[in-house]
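Summary of structural features
The residues making up each chain are set out below.
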Amino acid sequence: MKRFNYKEITKFGAMLMVVIALFAVGLRAATLSPSLQEQVASLPDGAEIGMAIVAFNSSNGLQEGHLDIMRGVGIEDGITFPNLGMVASPMTARQLRALQSNSSVRSIWSNDKMQYHMEESRVMTGVDRARIDPGFMARNGSMPVDGSGDFSVMVIDSGVDATHQDLQFGPKVIQNVQTVVAAGTLEGFTTNVSIENVQNTDQSVGHGTHCAGIIGGTGIRSGGKYAGVAPGAKIIGSGLGAALFVINGLSAWEWALANQYRYNIKVISNSYGSNGAFNPDNPITIASKTAYNRGITSVFSASNSGPAKGTMNTYAKAPWVIGVAAGSKEGQLADFSSRGLPKEERLSNSDPLDDFDAPTITAPGTGRFFESFSDRFTSDIVSTRSTSNLTANGGTADTELGPGMIPFYTQISGTSMSTPFVAGTIALMLEADPTLTPDEIKQILVETATRMPGYEEYEVGAGYLNAYAAVDKTFNRNKNYSSSQEIDFNLEIQKIVEAEDDFDIDFNPVATPGPDSPNSTPFTVSEGMNVLDIFGHANTNPETGETNVVGIVAYDPAGRSYSSGISLPILDTPVRQIIVDNPMPGTWRLEARGARGLTAVPGVSLPTSGAALPGPIEGTIKQIRFEIANIPDVSGHDSAEDIDAALKNRLMDVFTDGSFRPDQKVTREDFANLLLINTDLRQTVGAEPKFTDVTGDAARFAESVTANGSTIRDYGYISSPLMSSGSNTFDPGSEVSRIDVAVALVKALGKDEAARDLANSTVTADGAPIVDNHQIPGNLRGYVQLAIDSGLFEAYPAELVQLPNGTFQALPGPRFEPTSTLSRADLAGRLMTYRILFTTGG
């Protein structure tokens with residue numbers, strides 16, 4: 001399928017369609033929530049439908065005339081939201097139908113249940129670097145950039161425990177509000193009640209306290225180790241409690257808008273949501289749009305229902321908010337992080353309201369992705385623990401935090417954690433420039449993000465958050481930052497569906513798992529497939545709307561397993577998906593499995609098929625082959641297979657004339673571009689061009705690959721550059737050597753510290769010292785050793801070679817030949833090995 005560039009379409013056409021949809025609300029009957037549509041269709045007029053939220057077409061809030069409309073259909077009581085232009089009230093089916101036909105009513109929504117989306121992260125995103133950067137401090141009155149300023153960040157969540165010393169009520173948490181939703185019989189139309197100055201509004205869950213600590217906890221209890229992103233920021237807590245419904249959320253939004261100017265609220269962090277299609281008439285979405293119109297930036301979690309596509313939080317899909325996916329501390333995308341819809345899919349269908357169904361950006365939402373990084377990263381995101389924490393805690397994983405920390409801190413994962421991380425970064429940006437608008441903030445975050453190789457825009461948005469670059473761009477608007485997540489390749493790839501088979505498994509929770517289980521079904525993967533895409537739907541309870549926590553696991557012929565991510569206990573969508581790149585041919589097995597390792601039941605390991613209700617899970621198994629045009633100078637080449645794999649996996653590209661030039665030596669400019677494609681390369685942009693011999697995009701890439709701490713996996717910015725350079729010249733046309741490539745790829749894998757530990761050692765191959773060890777600088781020998789050990793490079797054996805003049809020469813071995821150059825064909829196979837290591841933590 002052709003790879004299109006949709007940037008202009010997304011910026012204008014798609015936004016225009018959403019705007020048209022928003023303005024069209026007065027030309028049709030009021031929108032009903034999906035659950036009300038289904039419920040009311042068969043109900044008699046007198047049937048009670050329970051509490052519903054009525055949103056009016058209004059640009060200036062709730063008016064007396066709106067209440068008269070309610071009275072006109074016989075509704076005399078309700079909870080009013082004056083700033084939002086809404087009323088919540090119990091009603092009958094007849095009253096709902098009458099309101100739906102009134103042109104002043106925009107939407108009627110059910111009081112649906114919503115869900116909370118459950119030191120190293122600051123360093124790897126550049127937060128700590130931004131805080132002490134001399135240039136930033138000079139622009140900031142000689143003060144560190146820590147989120148201080150005449151504004152506040154509001155956290156709409158389970159609440160905030162402001163008795164915690166890191167979140168002290170008064171100087172840090174400047175207001176803490178407990179929303180109170182009326183219970184029992186309503187008497188007349190009354191505004192919702194919010195109780196202010198409550199020191200601890202997080203009485204049970206602990207989720208909101210953790211989020212508040214990520215935004216701006218002072219870190220006092222840990223000596224600064226677990227300080228938040230913006231420890232100088234003023235925080236406002238809004239406690240929704242453990243039972244989270246739409247009305248609770250609206251109460252918090254209403255208070256925020258009523259008190260916006262009292263506290264100069266500039267950012268609202270929202271780590272909760274609901275699944276389903278984006279609808280501009282949803283009350284929470286109306287609230288976020290109202291806030292946007294008033295200059296408030298809203299940040300929403302993407303949800304934790306990944307890795308399937310189409311599982312994004314409905315509130316995070318609005319084009320005026322910032323939707324946040326969850327990444328690991330190595331820069332990978334968390335399996336649980338919800339995905340949107342692929343761009344070519346959502347922009348080619350007939351629905352204009354799903355055009356923004358993708359995260360805006362990815363930020364730290366979990367700890368280590370690979371166990372090989374266990375000596376460097378914790379398992380989750382560490383932040384403040386509330387005194388009455390019942391559910392949002394790390395359990396036994398908290399033992400990683402060290403003595404004396406557990407009473408005050410805990411570690412958990414989720415897009416709930418990545419969202420306040422972005423909110424805290426925005427606070428840093430607002431300190432640098434308090435006049436920033438929501439659109440400017442979003443644009444800067446997108447432009448300065450770090451590419452996440454191997455992922456698409458619908459999964460990670462613009463890439464991984466680079467807080468340092470975001471603050472830098474805020475201070476220096478003329479700097480040419482530009483997101484590289486979506487690269488325009490010259491080579492077009494067509495995706496051919498070679499096979500599409502249905503599966504239907506009636507899950508039995510008491511069945512024993514395995515090949516003979518009734519929950520298991522075999523299938524065959526053909527040779528030469530590039531993608532295996534298994535997409536299914538679990539059953540949903542029609543009465544409660546809750547999805548059965550049954551998932552799918554695929555096993556390849558070698559016994560390796562691939563999961564749909566069912567290990568999290570809060571999957572809120574029925575979609576399950578497994579995608580395997582370059583699947584092994586042969587007989588596979590697909591098995592339905594229930595949830596395991598639920599946090600509510602720590603340590604449980606069932607001998608059965610897992611905890612889930614009986615019921616069907618059905619879907620399709622697609623086998624996809626990538627097809628590319630014939631490349632004349634590759635056909636028949638000795639390395640044609642490696643080149644084909646590198647091209648189809650988007651590790652390399654052809655030139656603009658369609659040639660690959662397999663025997664051409666790799667130049668420094670070519671290699672810098674390949675490092676951009678294949679590594680999580682941080683953007684580095686100086687005040688003035690660094691090099692005089694490169695221009696345009698090549699100049700940006702050259703500056704980034706020659707900066708200290710070039711990639712995310714060098715989380716502490718301590719590595720020397722991926723590539724060396726002169727003081728003001730890059731020398732783009734010179735050829736790279738084997739040692740140049742070995743050093744760069746080992747650093748990009750995050751192995752710099754291990755390589756430096758082997759400095760001045762003797763490099764060996766299969767236990768034998770290489771004969772040209774003396775030709776390798778002592779400080780680089782560790783990189784060569786790791787490159788050989790990992791399979792990135794080989795050591796040549798002793799051999800007899802024929803020279804061009806016909807004579808023979810004996811070459812000793814094993815040898816590395818550090819100064820020899822590489823052809824593009826040679827590099828293709830090495831990049832395939834590198835990608836495997838990069839995606840497995842090798």
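Residues numbered from 1 in each chain as written. Predicted model: local features only at pLDDT ≥ 70, side-chain atom pairs only at ≥ 80, totals over all residues. Heavy atoms only, no water.

Helix and strand content of the chain: 23 helices and 30 strands. Rg of the C-alpha trace for the chain: 28 Å, near the compact-globule value of 28 Å for 842 residues, within the 12% margin. Projecting the C-alpha coordinates of the chain onto the three principal axes gives extents of approximately 105 × 65 × 55 Å. The burial tally for the chain puts 57% of its 842 residues in the buried class. Total accessible area on the chain stands at roughly 32,200 Å², and carbon and sulfur atoms take up 52% of it. Computing the positive centroid from 62 side-chain charges and the negative centroid from 94, the chain places the two 4 Å apart. (Helix = DSSP H or I, 4+ residues; strand = E, 2+ residues; numbered from the N terminus. Rg over C-alpha atoms; globule rule 2.2 N^0.38 Å. Buried < 20%, exposed > 50% of the residue type's maximum accessible area, 1.4 Å probe, protein only. Areas by Shrake-Rupley, 256 points an atom, 1.4 Å probe, with all protein chains shown as cover. Lys, Arg positive; Asp, Glu negative; His and termini not counted. Charge placed at Lys NZ, Arg CZ, Asp CG, Glu CD.)

The next thing to look at is the pairing of strand β29 (residues 799–802). Here β29 pairs with strand β30 (residues 808–811) via four bridges, running antiparallel. Each bridged residue has a counterpart across the sheet, and for Q802 the counterpart in β30 is F808. Counted along the chain from β29 to the antiparallel partner β30, the turn is five residues long, and its residue G806 has a positive phi close to 95 degrees. (Pairing = 2+ DSSP bridges.)

On the surface, V180, V193 and I195 cluster together into a nonpolar patch covering about 220 Å² of accessible area. By the element assignment, V193 lies in strand β10 (residues 193–195). Owing to a relative accessible area of 46%, V193 belongs among the partly exposed residues under this scheme. (Patch = residues over 30% accessible without salt bridge, like charges linked within 9 Å, V, L, I, M, F, W, Y side chains within 5 Å. Salt bridge = Lys/Arg side-chain N within 4 Å of Asp/Glu carboxyl O.)

Another point: the pattern of salt bridges. Pairing between side chains of opposite charge can happen when their charged atoms approach one another. Taken as a whole, this structure holds 32 salt bridges when the rule is applied. When the shortest N-O distance is used, the salt bridge between E627 and R625 registers 3.2 Å. Note on E627: relative accessible area 33%, which makes it partly exposed. In this structure, a network of salt bridges that share partners links the residues R738, E794, D826 and R830.

Let us look at helix α18 (residues 668–678). Within α18, nine of the eleven residues are buried, leaving the element largely enclosed by the surrounding structure. For α18, the complete set of buried residues consists of R668, D670, F671, A672, L674, L675, L676, I677 and N678. Looking at the buried positions of α18, the neighbouring elements they touch are α19 (696–705), α20 (738–748) and α23 (824–840). (Contact = heavy atoms within 4.5 Å.)

Next up on the list: the sheet that holds strand β4 (residues 86–92). The mixed open sheet is built from six strands, whose spatial order is β1-β5-β2-β4-β3-β9. Two strands bound the open sheet, and with one partner strand each, they are β1 (31–32) and β9 (189–191). Here strand β2 (residues 48–56) runs beside strand β5 (residues 105–110); their pairing, made up of five bridges, is antiparallel. Bridging across to β5, A55 finds its partner in S107. Packed on one face of the sheet, helix α4 (residues 93–100) meets β1, β2, β4 and β5 and runs near 135 degrees to β4. (Axes fitted to C-alpha atoms, helices over the stretch in contact; angles between N-to-C directions.)

Moving on: the sheet that holds strand β25 (residues 586–594). Taken in spatial order, the four strands make up an open sheet running β20-β25-β22-β23, and their pairing is antiparallel. Each edge of the sheet is formed by a strand with only one pairing partner; in this case those strands are β20 (520–525) and β23 (561–563). Strand-to-strand twist across the sheet, computed as the mean angle between neighbouring axes with direction ignored, equals 25 degrees. As paired strands, strand β22 (residues 550–555) and β23 are joined by three bridges and run antiparallel to one another. Within the sheet, the bridge partner assigned to A554 lies in β23 and is Y562.

A few words on the confidence of the model for the chain. Averaged over all residues, the pLDDT of the chain is 89; the fraction at 70 or higher stands at 91%. Per-element confidence in the chain is highest for helix α14 (residues 438–447), whose mean pLDDT is 98, and lowest for helix α1 (residues 7–23), whose mean pLDDT is 44. Segment residues 566–571: pLDDT under 50, and 24 contacts once partners within four positions in sequence are set aside and those in other chains are kept. Between residues 597–608, whose pLDDT stays under 50, and residues either more than four places distant or in other chains, the model counts 14 contacts. (pLDDT = per-residue confidence, 0-100.)

Turning to empty space enclosed by the protein, a few remarks are in order. In this structure, the second largest cavity encloses a volume near 80 Å³. S484, L676, L681, Q683 and R700 are the residues nearest the centre of the second largest cavity, which is lined by 13 residues in total. Sort the elements by how many residues they give to the lining of the second largest cavity and α19 lands first, with three residues. (1 Å grid on protein atoms, 1.4 Å probe; cavity = no way out; pocket = protein on both sides within 12 Å on 5 of 7 lines; lining within 4 Å. Points joined across faces, edges and corners; volume = space filled by probe spheres on them.)

Attention shifts here to unusual backbone geometry. In the segment running from G306 into P307, the intervening peptide bond is cis, with an omega of 10 degrees. Mapped onto the elements of the fold, P307 is located in the loop between β14 (297–301) and β15 (322–327). In this chain, G813 is followed by P814 through a cis amide linkage whose omega measures -5 degrees. Along the chain, P814 falls in the loop between β30 and α23. In this model, N582 sits at a positive phi of 50 degrees, which is unusual for a non-glycine residue. With respect to the helices, strands and loops of the structure, N582 is situated in the loop between β24 (575–581) and β25. Take N582: its relative accessible area is 37%, and that puts it in the partly exposed class. Even without glycine at this site, D731 takes up a positive phi of about 60 degrees.

Turning our eyes to something else, we now look at the packing of aromatic side chains. Evaluated as defined, the whole model comprises 14 aromatic pairs. Ring geometry for W253 against F300: centres 6.3 Å apart, planes inclined by 15 degrees, an arrangement best described as stacked. Placement of W253 in helix α9 (residues 246–258) and of F300 in strand β14 is noted, with a sequence separation of 47 residues between them. Look at W253 and you get buried, because its relative accessible area is 0%. Ring pairing ties together the aromatic residues W253, Y272, F300 and Y315, which thus form one cluster. The residue whose ring lies beneath K309 is F535, and the NZ or CZ to ring-centre distance is 5.4 Å. In this structure, R824 is placed above the aromatic ring of F660, and the distance from its NZ or CZ to the ring centre is 4.3 Å. (Phe/Tyr/Trp six-rings, centres within 6.5 Å; stacked < 30°, edge-to-face > 60°. Lys NZ or Arg CZ within 6 Å of the ring centre and 35° of its normal.)

Negative charge collects at one region of the surface, where E500, D501, D502, D504, D506 and E618 lie side by side. Per element, the largest residue contribution to the negative patch is five residues, and it comes from strand β19 (residues 494–507). With respect to the helices and strands, the residue D504 is situated in strand β19. With a relative accessible area of 55%, D504 lands in the exposed category.

Counting residues in hydrophobic clusters, the biggest one holds 66 residues, and the most contacted among them are L647, M652, F671, L792 and F816. Of all the elements in the fold, those that place two or more residues in this core are β26 (615–627), α17 (640–648), α18, α19, α20, α22 (781–789) and α23. Setting aside chain neighbours within four positions, we find F671 in contact with V666, M723, V736, D740, V741, A744 and L827. (Core = buried A, V, L, I, M, F, W, Y, C linked by side-chain atoms within 4.5 Å.)

Attention shifts here to the environment of A558. Locating A558 in the fold gives a position in the loop between β22 and β23. By relative accessible area, A558 is classed as partly exposed at 49%. For the pair A558 and S303, spaced 255 residues apart in sequence, the C-alpha separation works out to 33 Å.

With 17 residues, α23 should reach 24 Å at 1.5 Å per residue; the first-to-last C-alpha distance of 24 Å fits that figure. For α23, the tally of buried residues reaches twelve of 17 residues, placing the bulk of the element in the interior. Buried within α23 are the following residues: R824, A825, L827, A828, G829, R830, L831, M832, Y834, R835, L837 and F838. G841 sits one or two positions beyond α23 and adopts a positive phi of about 80 degrees. (Expected span 1.5 Å × (residues − 1).)

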